[in-house]
Amino acid sequence: MPARPSRPAHRGRRFAPGPYLLIAPAVLGMLYLLLYPFGRALLISFQDFRLRELIKGDAEFVGLRNYQTLLGDPRFWDVVRRTFLFMAVNVVAIMILATLVALMTERLGKIGRTVVLSSLVLVWAVPVVAATTVFQWLFHSQFGIVNETLTDLGFDSFEEYTWFADGRAAFAILVVLIVWQSVPFAAITLYSALTTVPQELYESARLDGAGAARIFRSVTFPLVRPIFMLVVSLEVIWTFKAFVQIWVMTRGGPGDATTILPVYAVQTALANQRYDLGSAASMLTLLLMSGVLVLYFRQLFRQEGEHL
């Protein structure tokens, strides 16, 4: 019998719509939930949209007037400076503490490591509103354990001290809260990166006489740099858009001491019923955050290119 002709090794693959149809509802739902609010807020930022327009509709298009109003407001620029200060303080504190916790966890035994990681996961799992409420009670002027402890230690000036009436104290409490909530994720991620570093490199460095600081600087950090930089970018986003903690605890007060851009946008939209200015403030917040991340990633890619 004549031999059958061999089939071609490579055939053009047929398009199979089945998998795409299965994920289409989830993708479309996600796009709707993300893109529609963004598009609606962007449209409102170019309109004269107040309480009347919210009820009756038919908002007037005003172009860039809302953005000009915000950019000409000195209070807006004060809020921008406070936002960047708030972000910088939080991110630096988070990364320092998370790195120390990750290094400590790596050196612990199995039981100690399990206890630390379990504690971090439990802290990470606490809902934001619940944690914020706990901090409110900790620093309560009459019933807070912080005032009671400080008074028992001999600091009588802290008896019934109103922490949230002092702008700097309220700012510091919010920093402590956000750092406490953020360190678990950063520490667990960095610890996971540390476990990928070959132990042989540590042994070689020790044989060469390198100390702990030199080993971290020359061996550990270069290998975990990509994960470290990724965590930094995520923490920048997390702290830049922090709203729930501030709104629940201080609503931006006292005065404007804890008002950052997301809080300013909500205050403008709700308290003043200027939904157009609030939407414009949200768009500027997104633009500023994107600008920070673009500059950060450009610097990151430049450094990575120099090390190749």
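Each chain has its residues counted from 1, following the order in which its sequence is written. Selection of residues for local features in this predicted model requires a pLDDT of at least 70, selection of side-chain atom pairs for listing and counting requires 80 or more, and totals for whole chains, interfaces and linings are taken over all residues. The basis for the side-chain values is all heavy atoms of the structure; hydrogens and waters are excluded.

Peer 1: Sorry if this is basic, but what is going on with the environment of Phe-301 here?
Peer 2: Secondary structure counts use DSSP, requiring at least four H or I residues in a row for a helix and at least two E residues in a row for a strand, with both numbered from the N terminus. Assignment of secondary structure puts Phe-301 in helix α13 (residues 275–307). Residue class for Phe-301 comes out exposed when judged on its relative accessible area of 57%. Along the backbone, Phe-301 and Leu-177 are 124 residues apart, and their C-alpha atoms lie at a distance of 32 Å. We call a residue buried when its accessible area falls under 20% of the maximum for its residue type, exposed when it is over 50%, and partly exposed in between, using a 1.4 Å probe and counting protein chains only.

Peer 1: Whenever I open this one, the nonpolar core confuses me. Can you help?
Peer 2: Nonpolar side chains in soluble globular proteins generally cluster together in the buried interior. Residues grouped as a nonpolar core are buried Ala, Val, Leu, Ile, Met, Phe, Trp, Tyr and Cys residues, joined through side-chain atoms within 4.5 Å. Membership of the largest hydrophobic core comes to 67 residues, with the highest contact counts inside it found for Leu-70, Phe-76, Phe-86, Met-95, Leu-190, Phe-228 and Val-232. The leading source of residues in this core is helix α8 (residues 167–194), at 16 residues. Here, residues are in contact when the closest pair of their heavy atoms is within 4.5 Å. Sequence-distant contacts of Leu-70, defined by excluding residues within four places in its chain, comprise Phe-76, Tyr-264, Leu-277, Ala-280, Ala-281 and Leu-284.

Peer 1: Please explain the side chain of Ser-182 as it appears in this structure.
Peer 2: Inspection of the secondary structure puts Ser-182 in helix α8. When its relative accessible area of 3% is taken as the criterion, Ser-182 is described as buried. Sequence-distant contacts of Ser-182, that is, excluding residues within four places in its chain, are made with Ile-94, Glu-235 and Trp-238.

Peer 1: What is the right way to look at the packing of aromatic side chains in this model?
Peer 2: The description of an aromatic ring pair uses the distance of the two centres, along with the angle that the planes make with each other. The rule is short: rings of Phe, Tyr and Trp, with Trp giving its six-membered ring, pair when the centres are within 6.5 Å, and they are stacked under 30 degrees, edge-to-face over 60, tilted in between. For the coordinates displayed, the defined rule picks out 20 aromatic pairs. Relative to Phe-297, the ring of Tyr-296 lies with its centre 5.6 Å away and its plane at 70 degrees, an arrangement referred to as edge-to-face. Relative accessible area serves as the criterion here: at 29%, Phe-297 is assigned to the partly exposed category. Grouped by ring-pair contacts, the aromatic residues Phe-135, Phe-139, Phe-155, Phe-158, Tyr-161, Trp-163 and Trp-180 constitute a single cluster.

Peer 1: I'm lost on a nonpolar patch on the surface in this one. Help?
Peer 2: A surface patch of nonpolar side chains, about 1,100 Å² in accessible area, is lined by Phe-15, Tyr-20, Leu-22, Ile-23, Val-27, Leu-28, Met-30, Leu-31, Leu-34 and Leu-35. The topology assignment puts Leu-34 in helix α1 (residues 18–44). Classification of Leu-34 by relative accessible area gives exposed; the value is 54%. Note on patches: the residues involved have over 30% relative accessible area and no salt bridge, like charges join within 9 Å, and the nonpolar side chains Val, Leu, Ile, Met, Phe, Trp and Tyr join within 5 Å. Using a 1.4 Å probe, accessible areas were evaluated by the Shrake-Rupley method; residue-level cover was limited to the displayed protein chains. Put simply, a salt bridge is a Lys or Arg side-chain nitrogen that is within 4 Å of an Asp or Glu carboxyl oxygen.

Peer 1: Mind showing me how you'd approach unusual backbone geometry here?
Peer 2: Note on backbone geometry: most residues besides glycine have negative phi, and most peptide bonds are trans. That bond from Gly-253 to Pro-254 is cis: its omega, -5 degrees, falls within 30 degrees of zero. Although it is not a glycine, Glu-160 adopts a positive phi angle of roughly 55 degrees. As for its position among the elements, Glu-160 is in the loop between α7 (145–152) and α8. Phi angles above zero are rare outside glycine, and Arg-251 is one such case at about 55 degrees. Checked against the element boundaries, Arg-251 lands in the loop between α11 (244–249) and α12 (261–271).

Peer 1: Can you walk me through α1 in this structure?
Peer 2: Note on helix geometry: an α-helix contains 3.6 residues per turn, so any two residues three or four positions apart are oriented the same way. The terminal C-alpha atoms of α1 lie 39 Å apart, and with 27 residues this matches the ideal 39 Å at 1.5 Å per residue to within 8%. Fitting axes to the seven residues ending at a residue and to the seven starting there, one defines the bend at that residue as the angle between these axes. A maximum bend of about 40 degrees is found in α1 at Ala-24, where proline Pro-25 lies one to four positions downstream. Given a helix with a known number of residues, its expected span is that number minus one, times 1.5 Å.

Peer 1: I would appreciate a short explanation of the pattern of salt bridges in the present structure.
Peer 2: Oppositely charged side chains may form a pair once their charged atoms are brought near each other. Going through the model one piece at a time under the given rule, you end up with seven salt bridges. Ionic pairing is found between Arg-65 and Asp-48, a salt bridge with its closest N-O pair at 3.8 Å. Separated by 17 residues along the polypeptide, Arg-65 in helix α3 (residues 65–71) and Asp-48 in strand β1 (residues 47–48) bring together distant segments of the chain. Here the residues in one salt-bridge network are Asp-48, Arg-50 and Arg-65, joined through shared partners.

Peer 1: Mind showing me how you'd approach empty space enclosed by the protein here?
Peer 2: Rolled over the atoms, a probe sized like a water molecule indicates the empty space that remains. The rule is simple: put a 1 Å grid over the protein atoms alone, call a set of points where a 1.4 Å probe fits but cannot get out a cavity, call an open set with protein on both sides within 12 Å along at least five of seven lines a pocket, and count a residue as lining if it has an atom within 4 Å of a point. Grid points are joined across faces, edges and corners, and a volume is the space filled by probe spheres set on the points. This structure, assessed with the given rule, holds one cavity of 30 Å³ or more. By volume, the largest cavity is sized at about 60 Å³. Those elements giving two or more residues to the lining of the largest cavity turn out to be α4 (74–107), α8 and α10 (212–240). The element that contributes the greatest number of residues to the lining of the largest cavity is α10, accounting for four residues. Broken down by class, the residue content of the lining of the largest cavity amounts to eight nonpolar, one polar and no charged. Any residue that is not Ala, Val, Leu, Ile, Met, Phe, Trp, Tyr, Cys, Pro, Asp, Glu, Lys or Arg is counted as polar, Gly included; the first ten are nonpolar and the last four charged.

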